[in-house]
Amino acid sequence: MIRSSLVCLFTLFLCSTEACQINRKVQPSMTATVFGKLSDGREVHEYTLTNRAGITAKIIDYGATVRSLLVPDRNGKMADVVLGYDSVQGYADGTAYFGAIVGRYGNRIGKGKFQLDGKEYQLTINDGENHLHGGKIGFNKVLWAGKILSDSGKPSLQLQYVSPDGEEGYPGTVTLKVTYTLTDNNELRIDYEGTTDKPTILNPTQHSYFNLSGVFTNKILDHQLMIEADGITPVDKGLIPTGQILSVANTPMDFRTHTAIGARINDPNEQLAFGKGYDHNWVLRNKAGQVGKAAELYEPGSGRLMIVSTDQPGLQFYSGNFLDGSAKGKNGVAYQHRTGLCLETQAFPDTPNKPQFGSITLRPEQVYRQTTIYQFSTR
Ligand code: GLA
């Protein structure tokens, strides 16, 4: 945590060798400022990470949230490609999880119930009759402790949150560290490390809404998406998986080759009707525990390409179906229907109640780890 007495403005120069100076376009740097205050007076800090190519991520310690991400188009013009707010109040009041780390459980748990070691736990119900994204006050609604990591030679920020035993109904005190690193390969890399003092469940994810056009009045329907998956976990009308795996072949869920998101989003299809568009988990081909490519997202107008890699088994693709203009975002722009999309890497939804999906139990002797990378380039 940064003390306000430090005036909170400093720059870490992470590149000092001569070779490094010759190659660089911009000095990689990291600065911190006070972004604003919560209603109880606590300060929210904003960290600005810039890599050699000038890609800039602004991350706040409230919700461990990526607030803006400047990346170049095919002509080198920088634009912000993630939805968010200009003020702390926006994040404190917001309901869309813009840019945040969500958890303890990213996604849904049916009826908010699960059993662990023979005991049943009841979590907060906050989405119809189900539990979503950690409950009423999930990881997106708490202040994390930030620490600048200067030893990696890259702009890197670690955020830590200690979630007390019983929070939102979850057992065990969980300590989660999320490290954001901006690499020279134009990657925003996210490393998670979680521990607990009692058996519990943990499945955090990153909830950025991307619009690679950089113009947030544009819909994301012309973005082309490719997902490295042959199946999805179909859901019921409450968006809880049925437990089956459905082949994407001959369905609007087939993104095995680059396809415009809008091409089939209004097709008559039960899954699309339940999700009000795309709001489903794809079963990635990745080998468990190994970071591999999960998806590519391309925006033809700007030429921006984003490649998502992860070691997680699932990818929730959400096409911003609940955006309705009520969220007033950065620069006063009201985020309309489908003007941002999420690609959330995680274990499958409702895994605690679906043994066939594996296990996301975390025990005191174990360490939860996840690595997810969003890499930017142009075509
Ligand atoms: C996830 C869910 C969606 C929705 C958004 C937040 O992506 O799957 O149904 O809740 O978060 O609005």
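Residues numbered from 1 in each chain as written. Predicted model: local features only at pLDDT ≥ 70, side-chain atom pairs only at ≥ 80, totals over all residues. Heavy atoms only, no water.

Draft legend 1. Representation of the overall build of the chain. A tally of regular secondary structure across the chain gives three helices and 27 strands. Against the 2.2 N^0.38 benchmark of 21 Å for 379 residues, the chain shows a C-alpha radius of gyration of 20 Å, consistent with a compact globule. Principal-axis analysis of the C-alpha atoms places the extent of the chain at approximately 55 × 45 × 40 Å. Evaluated residue by residue, the chain yields a buried proportion of 59% over its 379 residues. Split by element, the accessible area of the chain, about 15,100 Å² in all, is 50% carbon and sulfur. Counting 38 positive and 37 negative side-chain charges, the chain places the centres of these two groups 2 Å from one another. (Helix = DSSP H or I, 4+ residues; strand = E, 2+ residues; numbered from the N terminus. Rg over C-alpha atoms; globule rule 2.2 N^0.38 Å. Buried < 20%, exposed > 50% of the residue type's maximum accessible area, 1.4 Å probe, protein only. Areas by Shrake-Rupley, 256 points an atom, 1.4 Å probe, with all protein chains shown as cover. Lys, Arg positive; Asp, Glu negative; His and termini not counted. Charge placed at Lys NZ, Arg CZ, Asp CG, Glu CD.)

Draft legend 2. Up close: the environment of Val-248. Residue position: Val-248 is located in the loop between strand 19 (246-247) and strand 20 (259-260). Apart from the residues lying within four places of it in its own chain, the contact partners of Val-248 are Ala-229, Asp-230, Gly-231, Ile-232, Met-253, Asp-254, Arg-256 and Trp-282. (Contact = heavy atoms within 4.5 Å.)

Draft legend 3. Examining the confidence of the model for the chain more closely. Taken over all residues, the pLDDT of the chain has a mean of 93, while the share at 70 or more is 93%. This model gives residues 1-24 a pLDDT under 50, and the stretch forms 45 contacts once residues within four places in sequence are excluded. (pLDDT = per-residue confidence, 0-100.)

Draft legend 4. Representation of the layout of surface pockets. Put simply, the largest pocket is a space of about 740 Å³. Thr-95, Ala-96, Tyr-97, Leu-132 and Phe-322 are, among the 34 residues lining the largest pocket, the residues nearest its centre. The residue inventory of the lining of the largest pocket, partitioned by class, reads 13 nonpolar, twelve polar and nine charged. Of the volumes computed, that of the second largest pocket is approximately 210 Å³. Lining the second largest pocket are 16 residues, and of these Leu-202, Ser-359, Ile-360, Thr-361 and Tyr-368 lie nearest its centre. Going through the elements one at a time, strand 26 (361-362) and strand 27 (368-378) are the ones with two or more residues in the lining of the second largest pocket. (1 Å grid on protein atoms, 1.4 Å probe; cavity = no way out; pocket = protein on both sides within 12 Å on 5 of 7 lines; lining within 4 Å. Points joined across faces, edges and corners; volume = space filled by probe spheres on them. Nonpolar A, V, L, I, M, F, W, Y, C, P; charged D, E, K, R; others polar.)

Draft legend 5. Quick look at empty space enclosed by the protein. Summed over all chains, the structure comprises two cavities of 30 Å³ or more. Computed from the structure, the largest cavity encloses a volume of approximately 80 Å³. Taken together, the residues of the lining of the largest cavity sort by class into seven nonpolar, four polar and one charged. Volume-wise, the second largest cavity comes out at about 30 Å³. As for the second largest cavity, its lining consists of Gly-103, Arg-104, Gly-134, Ile-137, Gly-138, Phe-139, Ser-163, Glu-167, Glu-168 and Tyr-170. Here the residues of the lining of the second largest cavity are counted per class, giving three nonpolar, four polar and three charged.

Draft legend 6. Spotlight on the sheet that holds strand 2 (residues 43-50). Strand order across the open sheet formed by five strands is 1-2-3-4-5, with antiparallel pairing between neighbours. Single-partner strands in this sheet number two, and they are strand 1 (29-37) and strand 5 (78-80). Adjacent strand axes in the sheet meet at a mean angle of 20° when their direction is disregarded. (Pairing = 2+ DSSP bridges. Axes fitted to C-alpha atoms, helices over the stretch in contact; angles between N-to-C directions.)

Draft legend 7. Looking closely at the nonpolar core. Counting 59 residues, the largest nonpolar core has Trp-144, Tyr-180, Trp-282, Phe-317 and Phe-376 as its most contacted members. Looking at which element gives the most residues to this core, the answer is strand 13 (residues 174-182), with five residues. Beyond its immediate sequence surroundings of up to four residues, Phe-317 is in contact with Leu-225, Ile-227, Phe-255, Ile-261, Tyr-278, Asp-279, His-280, Trp-282, Leu-341, Cys-342 and Leu-343. Grouped together as the second largest cluster of nonpolar side chains are 19 residues, Tyr-62, Tyr-91, Phe-98 and Cys-342 included. (Core = buried A, V, L, I, M, F, W, Y, C linked by side-chain atoms within 4.5 Å.)

Draft legend 8. View of the site of the ligand. Close to the ligand lie Tyr-97, Arg-108, Leu-132, His-133, His-207, Tyr-209, Asp-279, Gln-316, Tyr-318, Phe-322 and Glu-344, which account for all nearby residues. Contacts to the ligand include His-133, whose side-chain N or O atom sits 2.9 Å from an oxygen atom. Taking Glu-344, its side chain carries an N or O atom lying 2.6 Å from an oxygen atom of the ligand. Contact with the protein chains hides 95% of the accessible area of the ligand, taken as 300 Å² for the molecule alone. Partitioned by chemical class, the residues of the shell around the ligand number five nonpolar, three polar and three charged. (Near = heavy atom within 4 Å. Polar contact = N/O pair within 3.5 Å; in protein donor to acceptor, adjacent residues only side chain to side chain.)

Draft legend 9. Region of interest: the sheet that holds strand 19. Sheet architecture is open: five strands sit in the order 19-18-21-24-25, paired in antiparallel fashion. With partners counted over all chains shown, the strands left at the sheet margins are strand 19 and strand 25 (342-346), one partner each. Pairing of strand 18 (residues 229-232) with strand 21 (residues 279-284) involves three bridges; the strand directions are antiparallel. The partner of Gly-231 across the bridge, within strand 21, is Val-283.

Draft legend 10. Broad picture of the environment of Asp-127. Looking at the secondary structure, you find Asp-127 in the loop between strand 9 (119-122) and strand 10 (131-132). For the pair formed by Asp-127 and Gly-238, sequence separation is 111 residues and the distance between their alpha carbons is 8.5 Å. When sequence neighbours within four positions are dropped, the list of residues in contact with Asp-127 reads Arg-108 and Leu-132. Within the structure, the side chain of Asp-127 is placed 2.8 Å from the side chain of Arg-108, a separation counted as a polar contact.

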